[in-house]
Every structure is written in structure tokens, then in C-alpha cells.
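Close look at the chain arrangement
Letter by letter, the chains look like this.
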Amino acid sequence: DVKVTQSSRYLVKRTGEKVFLECVQDMDHENMFWYRQDPGLGLRLIYFSYDVKMKEKGDIPEGYSVSREKKERFSLILESASTNQTSMYLCASRGFDGGTDTQYFGPGTRLTVL
Amino acid sequence: ELKVEQNPLFLSMQEGKNYTIYCNYSTTSDRLYWYRQDPGKSLESLFVLLSNGAVKQEGRLMASLDTKARLSTLHITAAVHDLSATYFCAVDSSGGSNYKLTFGKGTLLTVNP
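What counts and what doesn't
Starting afresh in each chain, residues are numbered from 1 along the sequence in its written order. By the order in which they are written, chains take letters starting at A while ligands take numbers starting at 1. Whole-chain, interface and lining totals are the exception, using all residues; otherwise, since this is a predicted model, local features are given only for residues with pLDDT of at least 70 and side-chain atom pairs are given and counted only at 80 or more. Each side-chain value is derived from all of the structure's non-hydrogen atoms; neither hydrogens nor water enter the calculation. Cysteine sulfur atoms that come within 2.5 Å of each other are treated as a disulfide pair. Where helices and strands are cited, they refer to DSSP runs of H or I of at least four residues and of E of at least two residues respectively, numbered from the N terminus. Accessible area is worked out with a 1.4 Å probe on protein chains only. A residue is then buried under 20% of its type maximum, exposed over 50%, and partly exposed in between. In protein, a polar contact means a hydrogen-donor-capable atom and an acceptor-capable atom, both N or O and within 3.5 Å, with residues adjacent in sequence counting only if both atoms are side-chain atoms; elsewhere, any N or O pair within 3.5 Å suffices. Note on definitions: a residue-residue contact is assigned when non-hydrogen atoms from the two residues lie within 4.5 Å. Think of it this way: DSSP has to see at least two bridges between two strands before they count as a pair. Axis definition: a line fitted to C-alpha atoms, over the contacting stretch in the case of helices. Angles run 0 to 180 degrees between N-to-C directions. Put simply, buried area is how much 1.4 Å-probe accessible surface two parts lose in total, over both of them, once they are put together. Counted as salt bridges are all cases of a side-chain nitrogen of Lys or Arg within 4 Å of a carboxyl oxygen of Asp or Glu. Three classes are used: nonpolar for Ala, Val, Leu, Ile, Met, Phe, Trp, Tyr, Cys and Pro, charged for Asp, Glu, Lys and Arg, and polar for all others, with Gly counted as polar.

Focus on the state of the cysteines
A covalent bond bridging the sulfur atoms of two cysteines is what the word disulfide describes. With the rule as written, the count across this model stands at two disulfides over all chains. Here C23 of chain A connects covalently by a disulfide to C91 of chain A, the sulfurs 1.8 Å from one another. Between C23 of chain A and C91 of chain A the disulfide shows an S-S torsion of about -75°. By sign, it is left-handed. Of this pair, C23 of chain A sits in strand β3 (residues 19–25) while C91 of chain A sits in strand β9 (residues 87–97); the two residues are 68 residues apart in sequence, bridging distant segments of the chain. An identical accessibility class is assigned to C23 of chain A and C91 of chain A; each is buried. Through a disulfide, C23 of chain B is tied to C89 of chain B; the S-S separation comes to 2.0 Å. One disulfide, between C23 of chain B and C89 of chain B, carries an S-S torsion of 80° and so falls in the right-handed class.

As C-alpha cells, then:
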């Protein structure tokens, strides 16, 4: 089974802090994604990466950056956290599993910025 | 810009009844995905539909894809309480080049005894 893990399930940070959210996948997938999920807005893509050191902006990249130094790890960075970044953050990994192209999600990190 | 619309957004149904969730999308795509999300949890992959006319079934759920109509349906047969969750459809808008998915807003399904 594909496994996507995220470093924290719950995180509380203060405004202005630098925040790192880590995601690791064990299926050697090339494509990894960071989303945020908010009530009424659904899932919105922040950034994605299709290879090591490669990244592309998604629909809402402002206030975020990412890092992909190793194939299995994709990090989301909030350079200076703000209260409007309080959200559920979901990491995903996509590739072929048993011949079917599927995107798998991690358990999520619920971030609260005070 | 690809738009993915689900309806209804909220669905309350009784156990034993049948219902259908609809997913419309605005541009050509031949890859559509259905996910389930339980409260406070992440998304779980349900179905991957890869061609026109594709139909997949798992238990009381059946998904189909009509690429000409740009429409997918998720049909629920004889609903049970355990099916209560939020269901998302997602469309691959990249033509397979970077695997970017665009999600609908989700359908919150509540199955009442």
C-alpha cells in the first residue's frame, strides 16, 4: 500500500513564526502536491512538484514556499505565518499503483495560527 | 480554466434509499477520480475512471464517466449509515502532463436511520 505521511497531525503557531510542514511518501512517486482545505472552499492547490528540485505554483501560492530535495520528501514552508493560514493542509503523492494512476493523500495537518 | 461542479452539495437521505451525486466539468478530460472524506480525516481514493463509458462499482457505490457530456455520476444503492461522509470528484486537467487535479467542492452525504 502507498503510504503518505505528514510530520504533524495538529500544530499551533504564532503569527510571524516560520512553519515547516513535512510530507514523505514511500512509493517512489515523482509527483507530489500540497493542498489546503477550508470549509466552503474545498481543496485548493498550493504548490506541486514533478521531480526533485522542481516545483510549480498552484492556485494559491502566495505566502507559501516549498522544497523538494529528495524524491520522497516534499516540504511546505510558511515564511511568516498569518492567521488566515489557519487551515487543514493535505499532502498528496501521485503515481501508478497496480497499473492505475492514482493520487494518494496523507492524513493532514491541522494548523492553527494565533 | 477548468471548473468542476458537484451537485448536490448537501444530501440527506434515509437508509435503504437510492441516490445519485453528479459531477460536471468544463473542459475535455478523460480522467476522473472520486474520493471519500470522513470528518476530521484525509481523502480516501474510491474510483479512478479513465475512459468514456467507464463504470466501476464497489459495494453500494457505482461510478460512471461520460466524457462527451463531461459528466460523472456516483450512484448510491440502498444507502447505509456507514456511507455518511463527504464525497469529492476530481478531474485531471493536465492531459497527464503534470497530474494536476481540480476538485469539486464536495457533497456532504448524511444517511439517516
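That shown, we press on.
As for the side chain of Q85 of chain A
Residue and element names in this part refer to chain A. Turning to its location among the elements, Q85 is positioned in the loop between β8 (73–78) and β9. One polar contact links the side chain of Q85 to the main-chain carbonyl oxygen of G63, over a distance of 3.2 Å. In contact with Q85, other than residues within four places in its own chain, are R36, G63, Y64, L78, S80, L111 and V113.

Focus: the sheet that holds strand β7 (residues 61–66) of chain B
As a general point, the strands of a sheet are linked pairwise by backbone hydrogen bonds and lie either parallel or antiparallel. Residue and element names in this part refer to chain B. Taken in spatial order, the five strands of this open sheet run β1-β3-β8-β7-β6, and their pairing is antiparallel. With one partner strand each, in any of the chains shown, β1 (4–7) and β6 (55–58) form the two edges of the open sheet. Averaged over all neighbouring strand pairs, the angle between strand axes comes to 15°, with direction disregarded. With four bridges joining them, β6 and β7 adopt antiparallel strand pairing. Paired with V55 across the bridge in β7 is S64.

Section: the interface of chain A and chain B
Tallying the contact residues gives 23 residues for chain A and 17 residues for chain B. Roughly 1700 Å² of surface becomes buried between chain A and chain B when both sides are summed, with 55% attributable to carbon and sulfur atoms. Our count for the chain A to chain B interface comes out at one salt bridge. Of the charged contacts in the structure, one is a salt bridge between D92 of chain B and R94 of chain A, with a shortest N-O distance of 2.9 Å. Summed over the shared surface of chain A and chain B, the number is five residue pairs in polar contact (both at pLDDT 80 or more). Of all elements in the fold, only β4 (31–38), β5 (42–51), β9 and β10 (100–105) of chain A reach the threshold of two or more residues within the side of chain A that touches chain B. If you tally residues by element for the side of chain A that touches chain B, the top one is β10 of chain A, at five residues. The residue inventory of the side of chain A that touches chain B, partitioned by class, reads eleven nonpolar, seven polar and five charged.

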